[in-house]
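# What the coordinates show
Here's the letter readout for the chains.
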Amino acid sequence: MAAKKQHVGNAKKRKQIDTEAHESASNSKVTKFVPSKKQKSDSVGKEKTAKASVTGRERRLHAKELAEARKKKRKRHYTLEQELARLWEKMRRHEIAKEDRAKLVTEALQKMKGKIPEIAGSHISSRVLQTCVKHCSQAERDAVFEELGPHFITLAFNAYAVHLVKKMLDNASKKQLAGFISTLHGHVAPLLRHMVGSVVVEHAYELASAAQKQELLLELYSTELKLFKDLVSLKESRLLDVMSKLSLQKGSVLRHMTSVIQPILEKGIVDHSIIHRLLVEYFSIADQSSVTDIIQQLSSPLLVRMIGTRDGAKIGILCVKYGNAKERKKIIKGLKGHIAKTAYHQYGCMVLVYILSVVDDTKLITKVIIRELQSTLKDLILDKNGRRPLLQLLHPNCSRYFSPDELSSLNSSIPSLSLKSEASSQTDTLKVSLGDEESKEDIEVEMDEVNKDKTNVDDSDLAESGKKDPFVRRQELLIKSGLAESLLDICIESVGELIRSNFGKEVLYEVATGGSGGILLPTLDDKINSLHEAIASLAAMSKSEDSQEEHVLENFHSSRTIRKLIMDCPNFASTLWEKALKGKSEIWAHGHSCKVISAFLESPDSKVQELVKNELQPLIDNGILKNLKPREQVTQ
């Protein structure tokens, strides 16, 4: 046992000795290679001396030379581009004389001659070319166009050259534009699928004549028209007419159009009017499943980018009309933040009009649309397009405020999704199939079965309008949302400005009469009476030659509005008479304001006629006023 302990102790001593020897050896090695303080200071001094010999400026110049050398190797026309850039800096200045600029442009074009297609894709030389095309002579411009002609398709795909191509089209003659559109034949669909190339096609489409627009569209319809462009004339502008003339199979046309449209929608290239026209034509022949797929894809913020054109707004209306509740919700939420801008737009405002007319979710509309409209309400009232959503709520589908084209766009439909057209077509089919031998009762039985099947169709997928009563919907959007009260406050506050305005007077008239069907009258009687008194107060002011504004009874817009209010609103007529015109009618019976006085005689309300009879009868007897027959009550 003692021997064992002695052996273990000896082993520990040997291990300790080995460890100490190893540490001493390592320390000796470290000390061998660590330099002294004197050696360190000498090496640092040498490095500083070497760095001091090459200054920062020299290093930068050397790096610049290396970069220039690399660019010269990589870019074939690098030296030329540098020369052009120097000329461009001079020619694009505003203060330069025309003669001097013309010399610089000519010099630049001479340097580029024969190399224009090669350098047009550069971000520097493309800008130089744009400036040259803008300021050069017609002969020089024609020479550039001729040199670029064979390369237009290639340049249309280039992110820099596309701006030059657009500038060339803006300055092109009719013959040159026709030649460019001819070169696009066979390439329209590939270009439309490209983010940059689609801009060129759209620019050409906007500048093109009706025949040239049809030429660009036709190859998107079918393979036959892509190969042979002279098969139809300008008379067959609609796709259905083209198919009828050429006896094209509907299935093949649909397949070709789907192959063109789907990649475009997947990439989100939906800003261009040529694509909107293509979609409208596609809707006219597509089957139910194809149309619902497209509507589902477009029911998103994408639609905001489409409703800026006539056809785009029509597509927006159709998406709202036939979209289910979920899709309508997506469309409305996608408009959030763009409501005011859309309301001021000529075509976009019609999409808002239709949403306010058919969508039942009034809480969502109030939250997204009404609240944003209320923030700029006065400006909307005074704007030609901005007032239309408001007028639609006050007086729906009125021909005074909407043109026939606008009303027809609100009533547009998709044949494959239209319940009425489908039912009528099935009726015709049944009549043909049953023939004269079948009795009328058999036909009625068959039609009952058809109608029974139609009722089983999911309304959420084929919703043409809301289920809610239109009057109730208008009440919720006008009264419950507080919009009507805000309208009345603005009309009372700015009555003088609105009644003299070409567009504001129409909103003021509808508000003062209580809206179509008297929708405002039960709840807002007091404020409407206050508006009547505010208008009467303006009319009660005396004629003053020193006044900057024309008197409301003599102003072109306000006098006609007041005249119409007298005939259509007896309460206003009595207020105006008692507060402004009683005892003063002879003063206003001459000149332009006599039409306002005559309106009391034309009023269909007998109480109004009795109210003014004693004072106006002497004016009639003296020939100052004509005794006109009362008009019939205007129905709203």
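One can find the structure itself at the top, above this paragraph.
Read on for an overview of the structure. (Residues numbered from 1 in each chain as written. Predicted model: local features only at pLDDT ≥ 70, side-chain atom pairs only at ≥ 80, totals over all residues. Heavy atoms only, no water.)

## Side note on the pattern of salt bridges
When the charged atoms of two side chains with opposite charge come close together, those side chains can pair. What counts, and what does not: The salt bridge criterion pairs a side-chain nitrogen of Lys or Arg with a carboxyl oxygen of Asp or Glu, the two atoms within 4 Å. A run of H or I in DSSP counts as a helix once it spans at least four residues, and a run of E counts as a strand once it spans at least two, with each numbered from the N terminus. Relative accessibility under 20% of the residue-type maximum defines a buried residue, over 50% an exposed one, and the middle range a partly exposed one, all with a 1.4 Å probe and only protein chains included.
One pass over the structure, following the stated rule, counts 17 salt bridges. Its salt-bridge partner being Asp271, residue Arg305 comes within 2.7 Å of it at the nearest N-O pair. Here Asp271 lies in the loop between α17 (250-267) and α18 (273-285) and Arg305 lies in the loop between α19 (288-298) and α20 (310-322), a separation of 34 residues in the sequence. In this structure Arg305 comes out as partly exposed when scored by relative accessible area, which is 37%. Several salt bridges converge on common partners, so that one network encompasses Arg277, Glu281 and Asp311.

## What about the nonpolar core?
Under the convention used in this document: We call a set of buried residues a nonpolar core when its members are Ala, Val, Leu, Ile, Met, Phe, Trp, Tyr or Cys and they connect through side-chain atoms within 4.5 Å of each other. Note on contacts: a residue pair qualifies if any of its non-hydrogen atoms lie within 4.5 Å across the two residues.
Of all hydrophobic cores here, the largest spans 178 residues; its most connected members are Met112, Ile369, Ile562, Leu576 and Phe600. No other element matches the nine residues that helix α23 (residues 348-358) contributes to this core. For Ile562, the contacting residues outside a window of four places in its chain are Ile499, Ile535, Val552, Leu553, Phe572, Leu576 and Val596.

## Here we look at the side chain of His532
We count it as follows: For this analysis, a polar contact is any N or O atom pair within 3.5 Å, provided that within protein one partner can donate a hydrogen and the other can accept it, and provided that sequence-adjacent residues contribute only side-chain to side-chain pairs.
Of note, His532 is situated in helix α34 (residues 521-540). The class for His532 is buried, based on a relative accessible area of 2%. Engagement of the side chain of His532 in a polar contact is seen with the backbone oxygen of Ala512, the distance being 2.8 Å.

## Digging into the packing of aromatic side chains
Basically, it comes down to this: In this analysis, rings of Phe, Tyr and Trp, with Trp reduced to its six-membered ring, are considered paired at centre separations within 6.5 Å, and the interplanar angle assigns stacked below 30 degrees, edge-to-face beyond 60, and tilted for intermediate values. For a Lys NZ or an Arg CZ to count as sitting over a ring, it must be within 6 Å of the ring centre and within 35 degrees of the ring normal.
Scanning the entire structure with this criterion turns up three aromatic pairs. Ring centres of Phe152 and Phe180 lie 5.1 Å apart, and the angle between their planes is 85 degrees; on these two criteria the pair is classed as edge-to-face. One end of the pair, Phe152, is in helix α9 (residues 152-156); the other, Phe180, is in helix α11 (residues 174-183), with 28 residues separating them in the sequence. Summarising the burial analysis for this pair, Phe152 and Phe180 share the class buried. In this structure an aromatic cluster arises from ring pairing among Phe145, Phe152 and Phe180. Across from the ring centre of Tyr205, 5.3 Å away, lies the NZ or CZ of Lys213, which sits over that ring.

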